[in-house]
Structure formats: structure tokens, C-alpha cells
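# Architecture at a glance
Each chain is listed here by its residues.
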Amino acid sequence: MGPMRMQDLVGIDLFGRINATSGKAKPDNNVIDAMYKAERYGQKNGKGLYKYDEKRNCLRDPEAEAMIKQIWKNNGVADKVMSEEEIVDKLYLPVVNEGFKC
């Protein structure tokens with residue numbers, strides 16, 4: 001399970017509510033704030049960064065992907081195609097490096 005699915009499992013509302021109630025929410029620049037504003041809370045209501053069927057199977061959601069791409073555009077971020085190896089390297093090698101510091 002990747003970080004985005006984990007976010008949906010834990011619940012986007014938990015993180016989004018903190019920013020919203022503290023007045024720090026930036027739904028035009030922050031994906032989690034945008035999902036919270038759109039009431040996309042994750043598995044608990046069947047839609048978040050992904051959408052979920054009645055058995056909680058994770059499915060790609062074009063609506064969520066469009067929201068994410070718009071936020072990327074707002075922040076000046078462009079799409080980048082990465083291989084699985086590059087993704088693993090970027091996610092796990094920093095953790096491995098921290099382990100060697102102990």
C-alpha cells in the first residue's frame with residue numbers, strides 16, 4: 001500500500017480538518033485540503049484520492065486525478081513519468097539511509 005492509499009485508509013478528514021479549523025487550509029495549493037473541502041474523506045465515504053466500491057476495492061478516480069492535476073498546475077508542477085525503480089528509490093532509499101545513521 002502506497003502513501004496515497006494509506007491517506008485514504010486513515011481518513012483525509014483527520015488531516016484536512018486540522019488545517020480547516022486552524023485557518024491554515026489552502027485548497028487551491030494543497031491536495032489534502034482540496035479533498036477535504038470537496039468532502040472526499042477516503043474509504044469511509046467511498047471517495048478520496050481514489051474511489052471505492054461497496055467492498056472497499058480501490059479504483060482510479062478521474063475526478064480526483066483532475067483535482068490533483070489542477071493543484072499541481074497551481075503550484076507550477078508538471079507531470080513526470082517515472083519507472084517503478086525510480087519511485088522505489090525516491091521513497092525507500094532515504095529511509096534506508098536514515099537506518100544507517102543509527
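In case you missed it, the structure is sitting above this.
It is worth spelling out the packing of helix H1 (residues 3-10) against helix H2 (residues 12-22) at this point. To characterise two packed helices, one gives the angle between the axes of the helices and the distance between these axes. With their axes 5 Å apart at the nearest point, H1 and H2 run at an angle of 80 degrees to one another. Classified by the angle their axes make, H1 and H2 are roughly perpendicular. Contact residues: H1 offers Gln7, Asp8 and Val10, while H2 offers Ile12, Leu14 and Phe15. Classifying every residue of the contact of H1 with H2 gives 4 nonpolar, 1 polar and 1 charged.

The next point concerns unusual backbone geometry. The phi torsion at Glu39 lies on the positive side, around 60 degrees, for a residue other than glycine. Within the fold, Glu39 resides in the loop between helix H3 (31-37) and strand S1 (51-52). Positive phi, close to 65 degrees, is recorded for Arg56, a residue that is not glycine. Relative to the assigned elements, Arg56 resides in the loop between S1 and strand S2 (58-59).

Applying the stated criterion across every chain, the model contains 1 aromatic pair. Here the aromatic rings of Tyr36 and Tyr41 are separated by 5.7 Å at their centres, their planes lie at 45 degrees, and the arrangement is tilted.

To continue, consider the pattern of salt bridges. All told, the structure shown has 7 salt bridges when counted by the stated rule. Residues Asp13 and Lys44 are paired through a salt bridge, measuring 3.0 Å at the closest nitrogen-oxygen approach. Remark: Lys44 occurs in the loop between H3 and S1 and Asp13 occurs in helix H2; sequence separation between them is 31 residues. For Lys101, the salt bridge identified is with Glu98, shortest N-O distance 3.1 Å.

A word on the nonpolar core. Judged by nonpolar contacts, Ile12, Ile32, Ala34, Met35, Tyr36, Leu49, Ala64, Met67, Ile68 and Ile71 together constitute the single largest core of 10 residues. At the level of secondary structure, the elements contributing two or more residues to this core comprise H3 and helix H4 (62-74). The contact partners of Tyr36, leaving out residues within four places of it in the chain, are Ile12, Asp13, Gly16, Arg17, Ala20 and Tyr41.

Okay, the side chain of Gln43 next. As for its placement among the helices and strands, Gln43 is situated in the loop between H3 and S1. Overall, Gln43 belongs to the buried group, its relative accessible area being 14%. Ignoring anything within four residues of it in the chain, the contact list for Gln43 reads Asp8, Leu9, Tyr52 and Arg56.

What follows deals with H2. When we look at burial in H2, the residues that qualify are Ile12, Asp13 and Gly16. Across the axial projection of H2, the buried residues extend over an arc of 75 degrees, all falling on one side. Across H2 from its buried face, at more than 90 degrees, point the exposed residues Ile18 and Thr21. At the exit of H2 stands Gly23, carrying a positive phi of roughly 80 degrees.

The rules behind the values
- Residues numbered from 1 in each chain as written.
- Predicted model: local features only at pLDDT ≥ 70, side-chain atom pairs only at ≥ 80, totals over all residues.
- Heavy atoms only, no water.
- Axes fitted to C-alpha atoms, helices over the stretch in contact; angles between N-to-C directions.
- Helix = DSSP H or I, 4+ residues; strand = E, 2+ residues; numbered from the N terminus.
- Parallel < 35°, antiparallel > 145°, perpendicular 65-115°, else oblique.
- Contact = heavy atoms within 4.5 Å.
- Nonpolar A, V, L, I, M, F, W, Y, C, P; charged D, E, K, R; others polar.
- Phe/Tyr/Trp six-rings, centres within 6.5 Å; stacked < 30°, edge-to-face > 60°.
- Salt bridge = Lys/Arg side-chain N within 4 Å of Asp/Glu carboxyl O.
- Core = buried A, V, L, I, M, F, W, Y, C linked by side-chain atoms within 4.5 Å.
- Buried < 20%, exposed > 50% of the residue type's maximum accessible area, 1.4 Å probe, protein only.
- Arc of directions from axis to C-beta.

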